[in-house]
Every structure is written in structure tokens, then in C-alpha cells.
Amino acid sequence: MDKQKNDGKLIVSVLMICFAVTIGVMIFALCRPNDKKSAEFTPPPFESTAQHGKPEVSENLGYSSPNRDDMSYDFAVCGNVTMEGDKAIVYLTNIEGNNAWIKLRVFDEQENMLGETGLIKPNEYVKYVTLSKTPEVGTKIKLKIMGYEPHTYYSAGAASLNTQIGGQIDQ
């Protein structure tokens, strides 16, 4: 009988040690610092050159609002993008009354980003976007307008306009 008591005590002791080791490993796994750096979202900055109101734009720049019914915000932009040095004249306008912040990116035919604006609040516009290289007249580009919900930066949708420097080719 003594042997059975000792065997029982030995089994209980071994189980208690296994349980303690398991708990220790779990605590270590949950509390150790995570060395892997996760990608953090960095909100885009607001456009420092944004102006309040609605711009007066020459008719030959094709300034219009190519909005769709399924979009949650309205904007206006030039379909006929012209250059002034390294600046593309776009007159991106966030229409008054919108509930979204917008920005614009300019891409070449290979989907390389040539330039982008900062965020523009409702009832603001930006005349130019500075490009990393100056495309020649006739170069095909894509204007991508992206909307963000204020303060959360969730997507409010995006629209693209295919055009070219000096004239419009597609909508």
C-alpha cells in the first residue's frame, strides 16, 4: 500500500510540474515583446496650398464634375491637364457640402505615381500638383481622386480619369 501511495504522489507531482511549466510557457508567450513591426497607417497630410472657395477656371481646361451616383462625395477637376514647369494644372475642388476629404494622385501609363496632393477639405481647391518629372504634351496620364471619411480616414471611394497632358482622351 505504501508503494501505491508513493506512486500516486509521484504521478500527482509530475502532473503539477507539467501544469506549472505549461502555465509558465503560456504566460511567457503572451507577455513577451513583439519584435515584428506591424505596418502602421500614417494619415496623409492636408494640402498646404489649398485655397478656400471655388476657383474661376478657363473653359479650355475642361473643368467639370465627372461624378457618379454611387459616389458619396462630389469633386471637380480639369480634364485638360496642362503644365507650368513641373506643376500640372488640375484645379482639384472638393465641392462645398461634401462630407469627405479628398486628394489626387497622377499616374503615368505604367502606373508609376508622378505626384499627389495632400488632403483637401470641403469647399477648398488646389490649383497645381507638382510632378516628379515633366511629361511632354500628349503623354497619357491617369488622375485618381480618392475620398476619405473625416477623422477616421476610412475610404469614401475613388474615381479615375484617363487623360493626357494638353488634352483629354478618355473619361
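Everything in this summary refers to the structure shown in the same document. (Residues numbered from 1 in each chain as written. Predicted model: local features only at pLDDT ≥ 70, side-chain atom pairs only at ≥ 80, totals over all residues. Heavy atoms only, no water.)

Now for the overall build of the chain. Secondary structure summary: the chain contains 1 helix and 10 strands in total. Secondary structure elements in the chain, listed N-terminal to C-terminal, are α-β-β-β-β-β-β-β-β-β-β. When the 171 residues of the chain are sorted by exposure, 34% land in the buried category. Contacts in the chain between residues at least 24 apart in sequence constitute 57% of all its contacts with a sequence separation of at least 6. With an accessible surface of roughly 11300 Å², the chain has 53% of that area assigned to carbon and sulfur atoms. (Helix = DSSP H or I, 4+ residues; strand = E, 2+ residues; numbered from the N terminus. Buried < 20%, exposed > 50% of the residue type's maximum accessible area, 1.4 Å probe, protein only. Contact = heavy atoms within 4.5 Å. Areas by Shrake-Rupley, 256 points an atom, 1.4 Å probe, with all protein chains shown as cover.)

This part covers the pattern of salt bridges. Applying the stated rule across the entire model yields 4 salt bridges. Lys103 is the partner of Glu116 in a salt bridge, and the nearest nitrogen-oxygen pair spans 2.6 Å. With Glu116 in strand E7 (residues 113-116) and Lys103 in strand E6 (residues 101-108), this pair connects stretches of sequence that are 13 residues apart. A salt bridge links Arg105 to Glu116; the nearest nitrogen and oxygen atoms lie 3.0 Å apart. Within this pair, whereas Arg105 is found in strand E6, its partner Glu116 is found in strand E7, the two being separated by 11 residues in sequence. With relative accessibility at 25%, the residue Arg105 sits in the partly exposed group. Residue classification places Glu116 among the partly exposed residues on the basis of a relative accessible area of 34%. (Salt bridge = Lys/Arg side-chain N within 4 Å of Asp/Glu carboxyl O.)

Here the focus is unusual backbone geometry. The phi angle at Asn123 is positive, at roughly 65°, despite the residue not being glycine. Here Asn123 lies in the loop between E7 and strand E8 (124-130). Accessibility expressed as a relative area gives 16% for Asn123, which makes it buried. Residues other than glycine seldom take positive phi values, yet Tyr153 does so here, at roughly 65°. Take Tyr153: it is sitting in the loop between strand E9 (140-148) and strand E10 (155-164).

In this structure, Phe75, Leu92 and Leu143 are the most contacted members of the largest nonpolar core, which totals 24 residues. Once you skip the residues sitting within four places of it in the chain, Leu143 turns out to touch Val77, Cys78, Val81, Leu104, Arg105, Val106, Ala159, Ser160, Leu161 and Thr163. (Core = buried A, V, L, I, M, F, W, Y, C linked by side-chain atoms within 4.5 Å.)

Our next topic: the sheet that holds E10. Ordered by their spatial adjacency, 4 strands build an open sheet running E7-E6-E9-E10, and the pairing between neighbours is antiparallel. Looking at which strands have only one partner, the edges of the open sheet turn out to be E7 and E10. Pairs of neighbouring strands in the sheet enclose a mean axial angle of 20°, with direction left out of account. Two elements, E6 and E9, share 8 bridges in a ladder whose sense is antiparallel. If you follow Arg105 over to E9, its bridge partner there is Lys144. (Pairing = 2+ DSSP bridges. Axes fitted to C-alpha atoms, helices over the stretch in contact; angles between N-to-C directions.)

A grouping of Phe19, Ile23, Met26 and Ile27 is seen on the molecular surface, where their side chains present a nonpolar patch of about 390 Å² in accessible area. With respect to the element layout, Phe19 can be found in helix H1 (residues 2-31). Taking relative accessible area as the criterion, Phe19 reaches 54% and is therefore assigned exposed. (Patch = residues over 30% accessible without salt bridge, like charges linked within 9 Å, V, L, I, M, F, W, Y side chains within 5 Å.)

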